Every structure is written in structure tokens, then in C-alpha cells.
Amino acid sequence: MAVRPLARPPCSTPDSVPEPRGGSGQGGGGSAPATGGAALRLDIQGLRAVAVTLVVLGHSGVSHVAGGYVGVDVFFVISGFLITSLMLREHAREGRIALGRFYARRALRLLPASTLVVLATLAGSWLFLGPLRFADYAKDAIASAWYVVNFRLAEAGTDYFNTDVPPSPFQHFWSLAVEEQFYLVWPIVLIVALKLFRRRALLALPLLALAAGSFALNLHLTETAPSWAYFGSQGRIWELAVGALLALVAHRLDSIPRPVAAVLSWAGLAAIGYAAVAFDESTVFPGHNAVIPVAGAAAVLAGGAAGGRYGAGAVLSLRPAVWVGGVSYAWYLWHWPLIVIVPAAAGFGEHDGPLRLIAALGGLVLAWGTLHLVENPMRFHRAFKAHTGRGLSMGLGLSAVTAAAAVVTVQFPPVLDSGAAQQDTRKTIAGASDPRAALVELLEHPAEKIPANLEPSMHDVAYQRTAVYTDDCALTMADEKQTQPCLYGDTTADRTVVLFGDSHVAQWFPALDAIARKHHWRLYSLTKNACKVSQLTIEYNGGPYSTCDDWRETTIDKIQELKPELVITSSSNSAKLWGEGDTATEWGKGQAETYRILQQGPTRVLTLLDNPWPKNNAVDCAVAHPDNLSECARDRSEADPQPAVTKAIRAAAAAEDVTVIDPYDWVCAPSGNCPVLVGNTMVYRDYGHLADGFIEALTPVVEDELLRLYGADLSRRPGA
């Protein structure tokens, strides 16, 4: 199966240092002076405008700035710089840093607007995003309210079957969570360092250690656990630390020669622009690539203090840029829910590209209203501003209200409209004298509406997994060795069958396990996600999928030791070759080599070709079109992502005398229509895998075919 790169989610605009109501004239989003007595840095507001605009355009699908997600890195650097500057000025002025006051300011700055957006997004999700994932969205809302949603997203990103799941409308809160997790640690570290060290240069030591450790972890996680590298705070702290380190030398920035400062600021802005244009969703990120936007943001901040009218600040300080920077936090909060919810509400489906951009830009209006009607009134209200306890209580109260609202809405989930009851797919096929004919009849007359007696439920289709997954017998991308026995069927039998391949052979487990128990076969499940049977190296996360190659070699050795009567192989035929050569040609050669190794002695090999693929995530499509399921159906001629690879596998099987079963005839009608629902059962569970319930219904059909080829005792040789 193809492994899709993680979607780049929205980023959080950092907190800004509170300023008097006059300030720059942008009340809710004023920028900070670099040093105690310096003038306000309008160029920082402009830099925030650049960052948020890149993020919005990138998430709206503007291809020219596909790397717009680097705006998150820019925001992290700005945040580290501003917040650390604030704490250092407070220490210089008062001789201490008041933690309670610090967190009260954070609450007043962030929570009023974010609470409004979370509640509005929760309502929009209930109304327009359907019932399938609403419970998960509500959990995301709770996690967002308590600044831990990044951990939920990181964990979900490690699930192989979430690669094509629609993004959560709360996904953009991940980076705000990263910031707040950093600020749980950094102020305390700074306070301790200020007590231990009198020289400012020594204050950098704990921060350098924190940054170095985080950067090393970032490099490691990007290679081994990409979702944790992207969403996890542990691999992102170094970006905020860069800004904090810059704040430690802020008092020296004015002494940079003006020509040098000007060049530095322009070079930094160019680096950010380069990353936004050159990067895309296939770029390995964050990793070492994140250095470019981080260094660029640091250069703009460093050079802007002394760059004068020839520096990038001349552009960044223009009134439109400063205005956008002032509403950047609220715009960021609104733009992502609008991108996710508005097209769903309009029903545009696959043609919602322009609407996403229009919706996101429309978020500027909501941002302006939020700034002046919610952010500023709460942030500057004397009842809170002068009373730390009240500010903290207000923050806790808003988070609690948000969480309570999410809990309540889960008790009243949206309802999926259903059509009339349909034939029970499993009973119809199992009770027929000719199961194959009964299946064809069902395929030729699919329901147009989701039936009232849908079985399993849509939620179970999407989320429940068989024993292969719950027993950790489907290895993840990082695993190399099968640590579990993964033995099923009749475990005391003499005859042995092995499932070997990726998730597209594991999906057949429900049928094959039932058949193995009935006919007394031992059934070993030896599978690894996205790992092909063919002896070739495919691409994963921008590099070679080396753990697949290691696992394949070890697993083939194990199969040879088992000496099974039958090895059933299958793999998704959607993958990209790592290195030079034609994918189909190399795939065919590698497939033949695997067949030659396995098919020795009494062992025979059976290949199940890849199943037809739906247009998109079939479950989501069915939920979006419950009264017109034909919108989700696909013609057989268009359902193979790589026909040349399928042809190469067929040729390799013929050359090595390997039997081939084409499951297309079990999924598509003779007319060529491949429906997503048959009888009362969903055919697919996502964008490429057949649903467990449908596989269970196919058991009699699969059984008849296996017995015809090999006999109940597996002694028959096909074609003999």
C-alpha cells in the first residue's frame, strides 16, 4: 500500500508581549521591543504576517507555496524571542519573574479567542462533518483546551491506517500546545539560571543544552517516527530555544553594523521564502530541513534591530503587513476550521479547492471581530489585568467550559440517515448453493442508500481491527522482527498455511482464519505494513524502506524453516521504487525471485492480486453521500493504481508456475461497477483496504476457490 506523507497541519501564532492600548495601533497583537527601552519592533509584526499568510495559502492548496507550513517554525522562533525578552525585562525591572503573573498573561492572551473558536468548530463539526469521526473530534477539542492535542495527533499519525483520514478541524492547535509545553519548562529553567549565574552569557548554557538535545531528538524522530517529530514538543523545543537564545543577546543587536544587519534581515526573509516555495508535502520535515526557516526567522529578528530603512524591516513595517500581523493569532485560529468545514457544508466534495482559499481569506473578517470584541476586551480588562488569581481562574474556567461542552455534545452525536433494509450479505452468500453466483447478484444490484440494517456499523468498519492487528502481528513501518507467534487457525494441526506480505494480505485474515479452523490448517500471519513480497527496495519517508528489506529476508528464512504446504502472498501494488529503474520491471524481477526462493520442496505459492481501489476513502464518501452511493463507486477499468505492476506480477507468477487469484471478480460486478456497499455490508474500510465484514461475507467464495485448487488436505497441485 502507498504510504502517504503526513498532511502539514496549521501552525499556531505565538503569543505577543502585551503592550499599552495605544502602542502600534494594533491592540491585540502588538510586537515587542528587543530591549527594555527600545521602540516597538513593527518588523516583527510584519514577519508574523508573512508567516501566517504562508500558512494560510499553503493549507488552502496554493501549490506555489506548498511549503507554507514552515510558517510554524517562524512563529516558534518569534515566540521564543518575545516571551524570553519579556521575562528578562521583568527580571531587570523587578528583580524577579512572577510565574503566576506570567501564566495569567498567557491565559488572558490566548484562551478567550481560542475558546470561542473551539466552541464554534465543535458546532460546525456536529452540523457538517458527519457522525463517523465526531467522537474523535470532540476528544480533540478537549485535548486542545488542555494543550495536549499534539500528543493525540502524534499517536494517531503512527497508525498506518490513518494516512488518508481527513484532518481534524482542531488539528491546528497542535503547535499552540507545543508552545505551552515549552513554557511550562523554560520560565522555571530561566529563573533557576538567573539565580545561579550573574553573567548573561552563562544563562545560555541550559538553553543550549535544551536546544542541542531537542535538535538531536528531532533528527532521530524524523527518521524513525515522523509524526512524533512533527507534532511532538520534544523535537520542536529547539526552535523556540533559538528565539530564546537570540533574546539573551538582544541588548547587542543594535550594535550590528547597519549594512550587515540589512543584508542579514533580507537573507533571512529570503530563506523563509525559499523554504515556502521549494518545500512540499514530500519534503522530509522537520529534520535538518527545518534549519532553513528557523535560521531565516532568527536572521530577520537579529538584523531587524539595526537594519534601518535598507533592511527587510522597511517592507515588514508597512501598514498592511503590521495590520495582518496584529490579527495573525485570531486569523490562524479561524482559518483551519473554515478550510475543513466550509467545503463540507457547501457539498463541493472533490471540487472544493477554490472554496478552501475563499473560506480561509474570509477568516480575516472573523479574526478582526475576534480581536476587537473578544481578545482585547478580555486581555486588557482591569478586572483581570491587575489580578493574577482572576486571570488564572478565568483561564482554567474557559478550558473547563470547553471540555464540558465537548463531553455534552458527544452524548448527542449527529445521526446518519439510513435507507431501507437490504439483504444480509453474509447470510445470503453463506446460505446459497452457489456462493459465487449469489455474490455476483449482490454486486450487480448494490444499494443506493446506506441501509438501516448496515452491519457492521460505519464506525466499526472504519475503526475496529482483527486479531492480526490487536495481537501486534501486523508489524509497523519501524519493526523488523516478528516477536509474537502469530499462529491462528487450528494451532494443533499438521498442515500449515502462511500469509506473507503487507496489509493487503492481512486484510484476508478473517476469511482465511475461519477456513483454516474448519479444515484443520495452522495459519501463520507474517505481515508488515506497506512491505512488498517482491525483492525490491521501495521509498518510505523520503528514503529507502530498509526495515522492510530486513524483515522480508528474515521472514523468508522463517517460512523456509516452517516448510508450509501453502504460502499465500499479496501486496498493495501502489509504491514507488527507491533508486533507478522502471518500477514495474524491477517489481516483476523481485517477485519472481521471491517465488523461486519460497517454492521449494512441498511448498506451493498462491498470489492474491491487489484488490480494486475506490475513488477515495470509501467510508468518508459513503457518509458524505448516504443517499447516493453511486457517487462513491468506481469502474473496474480505473481501479488499479499501477496496472503495469499488476501485469509484471502476473508474468512473474506464470514464469515460476505460481497460481494467481484475481479478487476483482469478488469486488466488482461483471458490468465493471465496483460499489462501496454490497447488500448491508461496506466493501471497503478506507481508501484501499477491503472491510473486515465484507471479507467475512466472502468466506464461502474464498473457501470454494482454495479447495478447488488445493483440496481440503492441501495435497492437490493446481494444474496437475
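What you see is a predicted model, and the numbers here were worked out from it, not measured in a lab. (Residues numbered from 1 in each chain as written. Predicted model: local features only at pLDDT ≥ 70, side-chain atom pairs only at ≥ 80, totals over all residues. Heavy atoms only, no water.)

1. Structural notes on the overall build of the chain
Link 1 in the chain: Counting its secondary structure elements, the chain contains 30 helices and 13 strands.
Link 2 in the chain: Across the chain, contacts joining residues at least 24 apart in sequence account for 82% of those joining residues at least 6 apart. (Helix = DSSP H or I, 4+ residues; strand = E, 2+ residues; numbered from the N terminus. Contact = heavy atoms within 4.5 Å.)

2. Side note on the confidence of the model for the chain
Link 1 in the chain: Per-chain confidence: the chain averages 89 in pLDDT, with 92% of residues scoring 70 or above.
Link 2 in the chain: Low confidence marks residues 1-38, where pLDDT is under 50. Its contacts with residues over four positions away, or in another chain, come to 154 contacts. (pLDDT = per-residue confidence, 0-100.)

3. Some remarks on unusual backbone geometry
Link 1 in the chain: In this chain, Phe285 is followed by Pro286 through a cis amide linkage whose omega measures 5°.
Link 2 in the chain: Residue Pro456 is reached from Glu455 by a cis peptide bond, and omega for that bond is -5°.
Link 3 in the chain: The residue Pro456 is located in the loop between α19 (435-444) and α20 (458-463) in this model.
Link 4 in the chain: Residues other than glycine seldom take positive phi values, yet Lys563 does so here, at roughly 50°.

4. Concerning helix α5 (residues 149-157)
Link 1 in the chain: Every buried residue of α5 is listed here: Val149, Asn150, Leu153 and Ala154. What you see down the axis of α5 is that its buried residues fit within an arc of 140°, all on one side.
Link 2 in the chain: As for α5, its buried residues are in contact with α4 (134-145), α6 (174-196) and α8 (226-231). (Buried < 20%, exposed > 50% of the residue type's maximum accessible area, 1.4 Å probe, protein only. Arc of directions from axis to C-beta.)

5. Some thoughts on the state of the cysteines
Link 1 in the chain: Here the structure, examined in full by the defined rule, presents 4 disulfides.
Link 2 in the chain: Paired through a disulfide, Cys473 and Cys486 show a sulfur-sulfur distance of 2.1 Å. Here the disulfide of Cys473 and Cys486 is left-handed, its torsion about the S-S bond being about -100°. Taken together, the residues Cys473 in the loop between α21 (467-470) and β1 (474-475) and Cys486 in the loop between β1 and β2 (487-489) connect sequence positions 13 residues apart. (Disulfide = S-S within 2.5 Å.)

6. Digging into the environment of Ile358
Link 1 in the chain: Within the element layout of this structure, Ile358 appears in helix α15 (residues 353-379).
Link 2 in the chain: Residue classification places Ile358 among the exposed positions, given a relative accessible area of 56%.
Link 3 in the chain: In sequence terms Ile358 and Phe128 are 230 residues apart; their C-alpha atoms lie 18 Å from each other.

7. Description of the pairing of strand β7 (residues 566-570)
Link 1 in the chain: A large share of β7 lies buried, amounting to 5 of its 5 residues.
Link 2 in the chain: Neither face of β7 is exposed, since Leu566, Ile568 and Ser570 on one face and Val567 and Thr569 on the opposite face are all buried.
Link 3 in the chain: As paired strands, β7 and strand β8 (residues 604-608) are joined by 4 bridges and run parallel to one another. Along β8, the bridge assignment pairs Leu566 with Arg604. (Pairing = 2+ DSSP bridges.)

8. Brief notes about the packing of aromatic side chains
Link 1 in the chain: Tallying each qualifying case throughout the model produces 20 aromatic pairs.
Link 2 in the chain: Geometrically, the ring pair formed by Tyr274 and Phe279 is edge-to-face, given 6.4 Å between the ring centres and 70° between the ring planes.
Link 3 in the chain: Using a relative accessible area of 6% as the deciding quantity, one classes Phe279 as buried.
Link 4 in the chain: Consider the rings of Phe500 and Trp551, whose centres lie 5.8 Å apart with planes at 40°: the pair is tilted. Within this pair, whereas Phe500 is found in strand β3 (residues 495-501), its partner Trp551 is found in helix α24 (residues 546-562), the two being separated by 51 residues in sequence.
Link 5 in the chain: Judged by its relative accessible area of 0%, Phe500 falls in the buried class.
Link 6 in the chain: Given the relative accessible area of 1%, Trp551 is considered buried.
Link 7 in the chain: Members of the aromatic cluster, connected to one another through ring pairs, are Tyr69, Phe76, Trp174, Tyr230, Phe231, Tyr274, Phe279 and Phe285.
Link 8 in the chain: Sitting over the ring of Tyr230, Arg236 keeps its end group 4.7 Å from the ring centre. (Phe/Tyr/Trp six-rings, centres within 6.5 Å; stacked < 30°, edge-to-face > 60°. Lys NZ or Arg CZ within 6 Å of the ring centre and 35° of its normal.)

9. Looking at the pairing of strand β4 (residues 521-528)
Link 1 in the chain: By the criterion of burial, β4 is predominantly enclosed, with 8 of the 8 residues buried.
Link 2 in the chain: Because side chains alternate across β4, one face comprises the buried residues Trp521, Leu523, Ser525 and Thr527, and the other comprises Arg522, Tyr524, Leu526 and Lys528, equally buried.
Link 3 in the chain: With 3 bridges joining them, β2 and β4 adopt antiparallel strand pairing. Bridge pairing in β4 places Leu487 opposite Tyr524.
Link 4 in the chain: Judged from the 7 bridges that link them, β3 and β4 form a sheet pairing that is parallel. Counted as the bridge partner of Thr496 is Arg522 from β4.

10. So, the nonpolar core
Link 1 in the chain: One finds Leu47, Phe81, Trp174 and Trp186 to be the most contacted residues of the largest nonpolar core, which totals 107 residues.
Link 2 in the chain: By size, the runner-up hydrophobic cluster in this structure holds 62 residues, among which are Leu439, Ile568, Ile661 and Ile695. (Core = buried A, V, L, I, M, F, W, Y, C linked by side-chain atoms within 4.5 Å.)

11. Concerning the pattern of salt bridges
Link 1 in the chain: Overall, the coordinates contain 27 salt bridges when judged by the stated rule.
Link 2 in the chain: Close ionic contact of Arg101 with Glu90 constitutes a salt bridge, the shortest N to O distance being 2.7 Å. Taken together, the residues Arg101 in helix α3 (residues 99-128) and Glu90 in helix α2 (residues 71-94) connect sequence positions 11 residues apart.
Link 3 in the chain: One salt bridge in this structure joins Glu705 and Arg708, with 2.7 Å as the shortest N-O distance. Here Glu705 pairs with Arg708, and both are found in helix α30 (residues 699-710), just 3 residues apart, close to one helical turn.
Link 4 in the chain: Each of Glu90, Arg93, Glu94, Arg101 and Arg105 takes part in a single network of salt bridges with overlapping partners. (Salt bridge = Lys/Arg side-chain N within 4 Å of Asp/Glu carboxyl O.)

12. Side note on the packing of helix α14 (residues 328-346) against α15
Link 1 in the chain: Close contact between α14 and α15 brings their axes to 7 Å; oriented N to C, the two are set at 135°. Comparing the axis directions of α14 and α15 gives the class oblique. The element α14 and its partner α15 pack so that their crossing is right-handed. The segment α14 lies against α15, with Tyr329, Ala330, Trp331, Trp334, His335, Leu338, Ile339, Val342, Pro343 and Ala346 engaging Leu355, Arg356, Ala359, Ala360, Leu361, Gly363, Leu364, Leu366, Ala367, Thr370 and Glu375.
Link 2 in the chain: Within the contact of α14 with α15, the residues separate by chemical class into 16 nonpolar, 3 polar and 2 charged. (Axes fitted to C-alpha atoms, helices over the stretch in contact; angles between N-to-C directions. Parallel < 35°, antiparallel > 145°, perpendicular 65-115°, else oblique. Left-handed = near helix turned anticlockwise from the far one by under 90°. Nonpolar A, V, L, I, M, F, W, Y, C, P; charged D, E, K, R; others polar.)

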